[in-house]
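This is what each chain is made of:
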Amino acid sequence: MSLRLDLLGRPHVREAKLWRAVSGRDGWVECYLCHRRCLIAPGKYGVCGVRLNFDGRLYTLVYGLLTAVNLDPIEKKPLMHFYPASSVVSIATVGCNFFCKFCQNWEISQSRLERGLAGVQFTGERIVELALAYEAQGITYTYNEPTIFYEFLEDTARLAHKRGLFNTMVTNGYMTPEAVDELGNLMDAATVDFKGGGSREFYNKIMNVRDPELIYETLIAMRDKGWWVEVTNLVVPKYGDDEEHIRRMARWIAENLNPETPFHLLRFHPDYKLTDVPWTPVQTLEKLAKIALEEGLKHVYIGNVPGHPLEHTYCPRCGYKVIERYGFTITEYKLKEDNTCPKCGYKLNIKGHYIADQQDTPYHSYTDLLPA
């Protein structure tokens, strides 16, 4: 009992949201934060490794316990059509509800609390103050899956809005429609990351995820809540580069979101447990980009290939290059103030305005932003 009281008294432990008792199973709870909908016995964790059943009540053990606090360009998320050239404070905790064998952030995402907590305690107020001090325009919840630190995300997002900051998240899309509804208009934009073309076989074998089709339900919920959405897909050679999967995904986006929804095809690099697979050939990315364009998408990007022509934004009507980029940096912004093409007057699907004075921002890493 004393150990339980000691743990519950720590600042990173809070009662969780989005759970309910399981009828007929004494002390068990169902977490409906993500599509795994874990049934959790007393004293056990959910799949994410950060939500624990204490005596029939669910608790988060990572409230404000952050493993990363960085100042990033919005294009790194990537969000190409949302407040271009803006800066965000990006935060993360340990844990994740996916088990991707190629995760580039595996040190934090695959860390589990049973092996000891990792992180530095922050308050939502402190994160907002950091964002304002560094003249960022928003906060991004990212690196590991932000759904799993939902309670801190929600509280920080509410504080951020009160201070005039926007909120974005980089997510695997496995949060439930109920979670999207609960978060509501506190979230302004989301980058939804598919991998391997959304192939069920790929998700089962490489990521230990049962049903990627559920991500489409979440995308519909985000659309209906009015969130700005951009979609990425990591193209993994050998395992997840099937042309028909990309064709199906692109067609779905065009029909259910918007033909002008930005779609990013990301180059894979070997990492974590998938080091025997080579970098994605650029020719493969170009072939898949052509397919996405054929299916009606107007803004198809190739990511992780600095200097590629498909880093730029082109006018869907006349083809004029309206935004030039190199990596995460905008090198020339040609749109008018109302986001119309200077050549033909077409209004592009861009949310917010260009943050012209942010291009020379010195971006900072975790250690720079930690409290003294």
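Refer to the preceding data block for the structure.
Here's what I pulled together on the structure shown here.

Definitions and limits used
Residues numbered from 1 in each chain as written. Predicted model: local features only at pLDDT ≥ 70, side-chain atom pairs only at ≥ 80, totals over all residues. Heavy atoms only, no water. Salt bridge = Lys/Arg side-chain N within 4 Å of Asp/Glu carboxyl O. Helix = DSSP H or I, 4+ residues; strand = E, 2+ residues; numbered from the N terminus. Buried < 20%, exposed > 50% of the residue type's maximum accessible area, 1.4 Å probe, protein only. Pairing = 2+ DSSP bridges. Axes fitted to C-alpha atoms, helices over the stretch in contact; angles between N-to-C directions. Contact = heavy atoms within 4.5 Å. Patch = residues over 30% accessible without salt bridge, like charges linked within 9 Å, V, L, I, M, F, W, Y side chains within 5 Å. Areas by Shrake-Rupley, 256 points an atom, 1.4 Å probe, with all protein chains shown as cover. Lys, Arg positive; Asp, Glu negative; His and termini not counted. Charge placed at Lys NZ, Arg CZ, Asp CG, Glu CD. Core = buried A, V, L, I, M, F, W, Y, C linked by side-chain atoms within 4.5 Å.

## Observations regarding the pattern of salt bridges
Link 1 in the chain: Scanning the model with the defined rule gives 21 salt bridges in all.
Link 2 in the chain: In this structure, the salt-bridge partner of Lys 17 is Glu 154, at a minimum N-O distance of 2.3 Å. Of the two residues, Lys 17 is situated in the loop between strand S1 (14-15) and strand S2 (19-21) and Glu 154 in helix H4 (residues 150-162); the sequence distance between them amounts to 137 residues.
Link 3 in the chain: Owing to a relative accessible area of 31%, Lys 17 belongs among the partly exposed residues under this scheme.
Link 4 in the chain: Among the salt bridges present, the one from Glu 129 reaches Arg 163, with a minimum N-O distance of 2.7 Å.

## Some words on the sheet that holds strand S9 (residues 87-92)
Link 1 in the chain: The strand order across the open sheet formed by eight strands is S8-S9-S11-S12-S13-S14-S15-S16, and the pairing between neighbours is mixed. Both outer strands of the open sheet, strand S8 (68-73) and strand S16 (300-303), are each paired with one neighbouring strand and no more. Here the average twist between neighbouring strands, direction ignored, is 20°.
Link 2 in the chain: Together, strand S13 (189-195), strand S14 (228-235) and strand S15 (263-267) form the strand contacts of helix H8 (residues 243-256), whose direction differs from that of S15 by roughly 150°.
Link 3 in the chain: Along the sheet face, helix H9 (residues 282-294) touches S14, S15 and S16 and points at about 165° away from the line of S15.

## Brief notes about a positive patch on the surface
Link 1 in the chain: A contiguous patch of positive charge on the surface is contributed by Lys 101, Lys 205, Lys 238 and Lys 273.
Link 2 in the chain: As for its position among the elements, Lys 273 is in the loop between S15 and H9.

## Description of the nonpolar core
Link 1 in the chain: Ranked by internal contacts, the top residues of the largest apolar core, which has 94 residues, are Ile 127 and Trp 227.
Link 2 in the chain: With near-sequence residues (within four places) excluded, Trp 227 lies in contact with Met 169, Met 175, Val 180, Leu 183, Gly 184, Met 187, Asp 188, Ala 190 and Met 222.
Link 3 in the chain: If you look at the next biggest cluster of nonpolar residues, it comprises ten residues, including Cys 315, Val 322, Tyr 333 and Leu 335.

## A closer look at the pairing of S9
Link 1 in the chain: Burial of S9 is extensive: six of the six residues sit out of reach of the surface.
Link 2 in the chain: Neither face of S9 is left uncovered, since the one carrying Ser 87, Val 89 and Ile 91 and the one carrying Val 88, Ser 90 and Ala 92 both have all their residues buried.
Link 3 in the chain: Both S8 and S9 contribute to a ladder of six bridges, which runs antiparallel. Among the inter-strand pairings, Val 69 is bridged to a residue of S9, identified as Ile 91.
Link 4 in the chain: Inspection of the sheet shows S9 paired to strand S11 (residues 138-141) by four bridges, in the parallel sense. Looking at the pairing, Ser 90 lines up with Thr 140 of S11.

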